[in-house]
Amino acid sequence: MGSSSGTAPRHVSTKWRFQYRPHALSTLIRPAEARSRQTQMWRMRSTPRSRTHRYAARPGATSSTEPTATMKSGTRFSQRGTGSRLAKALFAQTCKIAATLLASGFISQTSDDQNTRSMSLELCILASGSAGNAAILRSPSGVLLIDAGIGPRTLSQRLDGTGVNLADISALCLTHLDSDHFSPGWTNTLCRLEIPVYCHADKVASLALRCPDLLPLIRPFQDERFSPIEGLKCEPIHFAHDRLGSHGFVLDGFSYRIGYATDLGRVPSYFFDRFRDLDCIALESNYDPQMQADSGRPWFLKRRITGGHGHLSNAQAFAAIRKLLDRSRRLPDHIVLLHRSLECNCPDLVQTLFSSDTRIAPRLTLAQQHERSDWLRRTQRPPLVGEQLSLAL
Ligand SMILES: [Zn+2]
């Protein structure tokens, strides 16, 4: 892991800690409730995907009057040792107290729980580059795989430590069918796990020809929005890549918007409208023009890559992201650079160029070919003064 460059994306934890201040607590909690809390442990039950909130006494401040509760969002709860009416009343009171403490800044958020799931969208780039592309998008209702350009075994290894495994994948969404985005070696796994494959209608025939066994699983999409998993809208955007083109996606759901675009060829004018106001921008930054020109690649390959139907250079991607930020009403949590060429690009060059914009630098992640990224999820970092000024201008 550790593929992020610059500042690593922060894991937003759902753990909260009471900072023990007896005088402040005594103004919020009535004595009878404080007494009853000495022997109570609360637990909310809900679905396995629900988010867990833990409220625990701060170490070193273990007063018998401190509340200790474990709660999960959900609809049912139980209490050890007392009746359910009393449990409900006390739980409601605990929630009220927690909300008050939260609003007053009495509770601080910690960032030490990397296994905690967000209730929103989270993106993890498993592989990015001409040797294979794959990313997973986790939502409370399922996991979407975007491209399958590395084999199932490699992908399964890359998933280690993410909390996701192959069987959790609810759907596969393909940008296009180049071998670095879809490997036919996936056919057996997709059939065995019955994973639907979303593919643009123009490419269905080609996919079915290559992998006839996949036919029952193919779900063609046109240029309109579709929903590969419940609660997630996927808006395809066409890009000029080679003869048939490729598609990027705006993935919108659970109060989070992620734009994923690779193999663009060039940046179309409509890109700036469709990719506005995202929480996470993932865009390719493929090559450095000088390194491309100096490489030993044949001229036709250089022309294919740089001629408007191949990939974006660092400068093109940088200009596109800056223009996007100029037009957006807020800054994203993450800016992820995809599909960096191993032969004709250099991470230091990319880092230096993109970090020259103070809006981009603290949000930057360079996706890697052979390592997965951290989970890219909602952050709660307040904007820097410079960023506020940039937005105001
Ligand atoms: Zn590609």
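Reading the values: the criteria
Residue positions are counted from 1 within each chain, in the order its sequence is given. Where local features are concerned, this predicted model is filtered to residues with pLDDT of at least 70; where side-chain atom pairs are given and counted, the filter is 80 or more; whole-chain, interface and lining totals use all residues. Criterion used throughout: strands pair if DSSP finds at least two bridges between them. By definition, any uninterrupted DSSP run of H or I lasting at least four residues is a helix, any uninterrupted run of E lasting at least two residues is a strand, and each is numbered from the N terminus. As a rule, the C-alpha atoms of each element are fitted with a line to give its axis, helices using only the stretch in contact, and angles between N-to-C directions run from 0 to 180 degrees. Buried residues are those with 20 or more other C-beta atoms within 10 Å of their own C-beta, exposed residues have 12 or fewer, and partly exposed residues lie in between; C-beta atoms are placed from the backbone. Whether two residues are in contact depends on their C-beta atoms, placed from the backbone: they are in contact if these lie within 7 Å.

Trainee: Can you walk me through the sheet that holds strand β8 (residues 134-139) in this structure?
Mentor: Backbone-to-backbone hydrogen bonds join strands into a sheet, with any given pair of strands oriented parallel or antiparallel. Strand order in this open sheet of six strands is β7-β8-β9-β10-β11-β12, and the pairing throughout is mixed. Lying at the two open borders of the sheet, with one neighbouring strand each, are β7 (122-127) and β12 (218-221). Adjacent strand axes in the sheet meet at a mean angle of 25°, parallel and antiparallel pairs treated alike. Summarising the sheet, strand β9 (residues 142-146) and strand β10 (residues 169-173) pair through four bridges and their orientation is parallel. Within the sheet, the bridge partner assigned to Leu145 lies in β10 and is Leu172.

Trainee: Can you walk me through unusual backbone geometry in this structure?
Mentor: Note: most peptide bonds trans; most residues except glycine with negative phi. At Asp147, a position not held by glycine, the phi torsion is positive, near 70°. Tracing the sequence through the fold places Asp147 in the loop between β9 and α4 (152-158). Even without being glycine, Glu194 reaches a positive phi, approximately 50°. Note on placement: Glu194 falls in the loop between α5 (187-193) and β11 (197-200). Residue Glu194 is classed as exposed on the basis of its 8 C-beta neighbours within 10 Å.

Trainee: So what exactly am I meant to see when it comes to the sheet that holds strand β16 (residues 280-284) here?
Mentor: The strand order across the open sheet formed by six strands is β13-β14-β15-β16-β17-β18, and the pairing between neighbours is mixed. Each of the sheet's edge strands pairs with one partner strand only, and the pair in question is β13 (233-239) and β18 (364-366). Between one strand axis and the next, the sheet turns through 15° on average, direction left out of account. Strand direction decides the pairing type here: strand β15 (residues 256-261) and β16, joined by four bridges, are parallel. Paired with Ile258 across the strands is Cys280, a residue of β16. Across the sheet, helix α10 (residues 314-327) is in contact with β16 and β17 (334-338); its angle to β16 comes to roughly 155°. Lying over the sheet, helix α11 (residues 347-355) contacts β17 and β18, oriented at roughly 165° with respect to β18.

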